[in-house]
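Chain and residue survey
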Amino acid sequence: MTFSATVLTLYPEMFPGPLGASLAGRALREGLWSLDTVQIRDFATDKHRSVDDTPAGGGAGMVMRADVLASALDSVPAGRPVLAMTPRGRPLAQARVRELAGGPGVTILCGRFEGMDERLFEARDIEQVSIGDYILSGGEMAALVVLDACIRLVPGVMGAPSSGMDESFETGLLEYPQYTRPVEWEGRTIPEVLRSGDHAKIEAWRRQRAEIDTRSRRPDLWERHEGARVQSPSGARRRKQDD
C-alpha cells in the first residue's frame, strides 16, 4: 500500500521541496509514497480569486474563508485523515506519527494569514495539529515536517526496519548519546563501556543515559514516562516491591 499525501496550499511550488531529496526523495521516485498538491486559490469564487477576508469583530490581518477552504477540501478523495496545520492544534507526537504512517496517507491543509475560519472545523472532520510552540509564516513548513516524520516510517524507506526504534520519543525517552570513530578526539574519548563488547552492559548504559538526559532536558517527557510506567502492570509490580 502506497502512502499518499495531498497538500492543500496557496504555494504548491513549495512541494516536494526537501522531500524530493535524500531517503524521502528516493522513496518518492520509487513509488513508496505519492504527493499531490491542490491550489486553494483555484476554489475562490470572485474575479480577484480571494481566499481571505477581514476578521469578524475587527483586528489585524486576514482570515482564510471557510467556504473556499471547504470547497478545496471537498475536492480531495476521502478516506484519509485530514490535518490542519495550526498553532492552535494539538502538539504532534511520535505515537500519532506512527499511526499516520501505518495508514493510507494524509491530507494536509496549510493555513496562512491570521488563521482559518473556525466554522470549517465545526463542519468538517479535521484534526488540528501543531509542531511546536512558535509561529511560522504558514502551514507549509509544518506540513513538510509532518510528512517527513511519516515517510521515514513507511516500509522500505529506511534501510533497516529497526533503525528507527531506538530514536528519541519512540520509547517515551530521549535517545541515548551516540559516538563513532576516532576513539579519541580533542582529548575526549568514547565511553569505555561502549568499547567493551559487553552488550548487556552497553544496553544498561544506554538506558541509564536516556533516562538521565530525559529527566534533565525534558522534565515534561520524563513525567509522562514515569506516569505510564507506574500505570503499566509491570511498573505497578515494581513500585509495590519497592514499597
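Refer to the structure printed above.
Residues numbered from 1 in each chain as written. Predicted model: local features only at pLDDT ≥ 70, side-chain atom pairs only at ≥ 80, totals over all residues. Heavy atoms only, no water.

Okay, the pattern of salt bridges next. Close approach of charged atoms lets side chains of opposite charge pair. For the structure shown, the criterion picks out 12 salt bridges. For the salt bridge of Asp220 with Arg218, the shortest nitrogen-to-oxygen distance reads 2.9 Å. You can call Asp220 partly exposed: its relative accessible area is 33%. Salt bridges sharing partners connect three or more residues here, namely Arg96, Glu99 and Glu127. (Salt bridge = Lys/Arg side-chain N within 4 Å of Asp/Glu carboxyl O. Buried < 20%, exposed > 50% of the residue type's maximum accessible area, 1.4 Å probe, protein only.)

Further remarks concern a nonpolar patch on the surface. A cluster of nonpolar side chains, namely Tyr134, Leu136 and Met141, defines an oily patch on the protein surface of about 300 Å² accessible area. Exposure remark for Tyr134: the relative accessible area of 45% places this residue in the partly exposed category. (Patch = residues over 30% accessible without salt bridge, like charges linked within 9 Å, V, L, I, M, F, W, Y side chains within 5 Å. Areas by Shrake-Rupley, 256 points an atom, 1.4 Å probe, with all protein chains shown as cover.)

Glancing now at the packing of aromatic side chains. The way to describe two aromatic rings as a pair is by their centre distance and the angle between their planes. Tallied over the entire structure, the rule returns 1 aromatic pair. Considering the side-chain rings of Tyr179 and Trp205, the 6.5 Å spacing of their centres and the 55° angle between planes classify their relative orientation as tilted. On the criterion of sequence distance, the pair formed by Tyr179 in the loop between helix 5 (139-151) and strand 8 (184-185) and Trp205 in helix 6 (residues 199-217) is long-range, its members being 26 residues apart. If you follow Arg215 out to its NZ or CZ, it ends over the ring of Trp222, 5.0 Å from the centre. (Phe/Tyr/Trp six-rings, centres within 6.5 Å; stacked < 30°, edge-to-face > 60°. Helix = DSSP H or I, 4+ residues; strand = E, 2+ residues; numbered from the N terminus. Lys NZ or Arg CZ within 6 Å of the ring centre and 35° of its normal.)

Phe3, Val106, Ile108 and Leu147 are the most contacted members of the largest nonpolar core, which totals 29 residues. Contributing elements (two or more residues each) for this core: strand 1 (3-9), helix 1 (22-29), strand 5 (82-91), helix 3 (94-101), strand 6 (105-110) and helix 5. Ranked by the residues each element gives to this core, the list is headed by helix 5, at 8 residues. With residues up to four places along the chain from it excluded, the contact list for Phe3 reads Leu32, Trp33, Ser34, Leu100, Ala101, Gly103, Pro104, Gly105, Val106, Leu147, Cys150 and Val154. Judged by nonpolar contacts, the second largest core, of 20 residues, contains Leu8, Leu69, Val76 and Phe121. (Core = buried A, V, L, I, M, F, W, Y, C linked by side-chain atoms within 4.5 Å. Contact = heavy atoms within 4.5 Å.)

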